[in-house]
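# Coordinate analysis (summary)
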Amino acid sequence: MHLPRFIWLVLFTANISFGSIVFDLMHTRPECHHSGKPTTWCTFDDVATAALKAGMEKRVGQMLEDAEDPEQSRIAIAYFSFSNEAVFKKLCERGKAGIPIEGFFDVSYRGGAKHPGKLAKECQGPSGDNVQVHFLGLDRSDPGNEWRLHHNKFLIVDTGADTLKINFSSGNLSQSGLSIHFDHWVMLEASRKTNLARQHECVIQSMQKALDPNDSGEDAEEDDPDLYRSSLEKCLKKNTLWDKGTEWVEDALKKEKIAPLFSPDPDDRVYKVLAENIDQVVKGGKIYGAIQH
């Protein structure tokens, strides 16, 4: 399977600033209380309380509220799963206010009954076309098919100012992803001129290209992963610090303390960078990992 993900080499703690990038790290807090169960054992009945404790729904809502001017602002959102009611309501509010919104979601949402589909049908502004929703990946109801794109998880709010507000996470924008799952959320403010911001723009452009290779304005039924890869490589090479080797990662870390890595990629650079960092660990050092799948 080709599951596109983004991986970050980053050195930071909460509320830290490195030049033109400000980091804030938050975690969901699945702390529940059920007789005979550990405190991390939660049920769906605990979602509302856990979400309030984590504070992520509020923070995401604040990010979206910063998009105020339909002429200057825009919102880009890409999540594999999107079922969080609080976030949907805030996003829909922004759409009805005329803010341009572009969303990229899994193909399983195609049909309109759930939040991604409802976003395009029910949340348009006065122009009627400021909210665009795309669906990536093959139909999983067909046993012969498998996921290709997509598994990106980020939210970008562009208010028109020099600084973009970016959120990326291990969690999805689901009810449980912002409450009772073990997830982390990284809130960033970054100049649009940074390598970090420019690489995200390349990912957005490449997802668009994978669905609409001829720029016709109409999405194809299926995305093209190979076109995604080639488009991403071309954009990264032209507009960011990226090159085919791995030396650029050290350059990015030196300048911004963060180096985004996206997949699928044609050069196995995600593997190469991770392997090189693992090889640098000497006796007495430690490697920490958190992996879902």
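Cut-offs and rules
Residues numbered from 1 in each chain as written. Predicted model: local features only at pLDDT ≥ 70, side-chain atom pairs only at ≥ 80, totals over all residues. Heavy atoms only, no water. Salt bridge = Lys/Arg side-chain N within 4 Å of Asp/Glu carboxyl O. Helix = DSSP H or I, 4+ residues; strand = E, 2+ residues; numbered from the N terminus. Buried < 20%, exposed > 50% of the residue type's maximum accessible area, 1.4 Å probe, protein only. Disulfide = S-S within 2.5 Å. Core = buried A, V, L, I, M, F, W, Y, C linked by side-chain atoms within 4.5 Å. Contact = heavy atoms within 4.5 Å. Polar contact = N/O pair within 3.5 Å; in protein donor to acceptor, adjacent residues only side chain to side chain. Pairing = 2+ DSSP bridges. Right-handed = clockwise from strand over helix to strand, strands pointing away. Expected span 1.5 Å × (residues − 1).

### Considerations on the pattern of salt bridges
In the structure shown here, the tally under the stated rule is 15 salt bridges. Across the salt bridge formed by Glu65 and Lys90, the nearest N and O atoms sit 2.7 Å from each other. Here Lys90 lies in helix α3 (residues 85–96) and Glu65 lies in helix α2 (residues 56–65), a separation of 25 residues in the sequence. Of the residues examined, Glu65 reaches a relative accessible area of 38% and is grouped as partly exposed.

### Let's talk about the state of the cysteines
Tallying each qualifying case throughout the model produces three disulfides. Across the disulfide from Cys202 sits Cys235; the S-S distance is 2.1 Å. Between Cys202 and Cys235, the S-S dihedral sits near -75°, and the bridge is therefore left-handed. Of the two residues, Cys202 sits in helix α5 (residues 195–211) while Cys235 sits in helix α6 (residues 225–239), which places them 33 residues apart along the sequence. With respect to burial, Cys202 and Cys235 carry one shared label: buried.

### Concerning the nonpolar core
Judged by nonpolar contacts, the single largest core of 38 residues is most densely connected at Phe154, Leu188 and Met207. The greatest single-element share of this core, amounting to eight residues, is contributed by α5. In contact with Leu188, not counting residues within four places along its chain, are Ile21, Val22, Phe23, Leu164, Lys165, Ile166, Phe168 and Leu196.

### Observations concerning the environment of Glu276
You can see Glu276 is positioned in helix α8 (residues 269–279). Sequence separation of Glu276 and Thr246 is 30 residues, and the distance between their C-alpha atoms is 8.9 Å. Here the side chain of Glu276 touches Thr246 through a polar contact of 3.0 Å, side chain to side chain.

### What to know about the pairing of strand β5 (residues 101–106)
Counting buried residues along β5, six of its six residues qualify, which places the element largely inside the surrounding structure. When strand β4 (residues 74–79) meets β5, the two strands line up parallel, connected through five bridges. Among the inter-strand pairings, Tyr79 is bridged to a residue of β5, identified as Phe105. In terms of handedness, the path from β4 via α3 over to β5 forms a crossover that is right-handed. The pairing of β5 with strand β6 (residues 131–136) spans six bridges and is parallel.

### Some words on α5
End to end, α5 covers 25 Å across 17 residues, agreeing with the expected 24 Å (1.5 Å per residue, within 8%). In terms of burial, α5 is a largely internal element, 12 of the 17 residues being buried.

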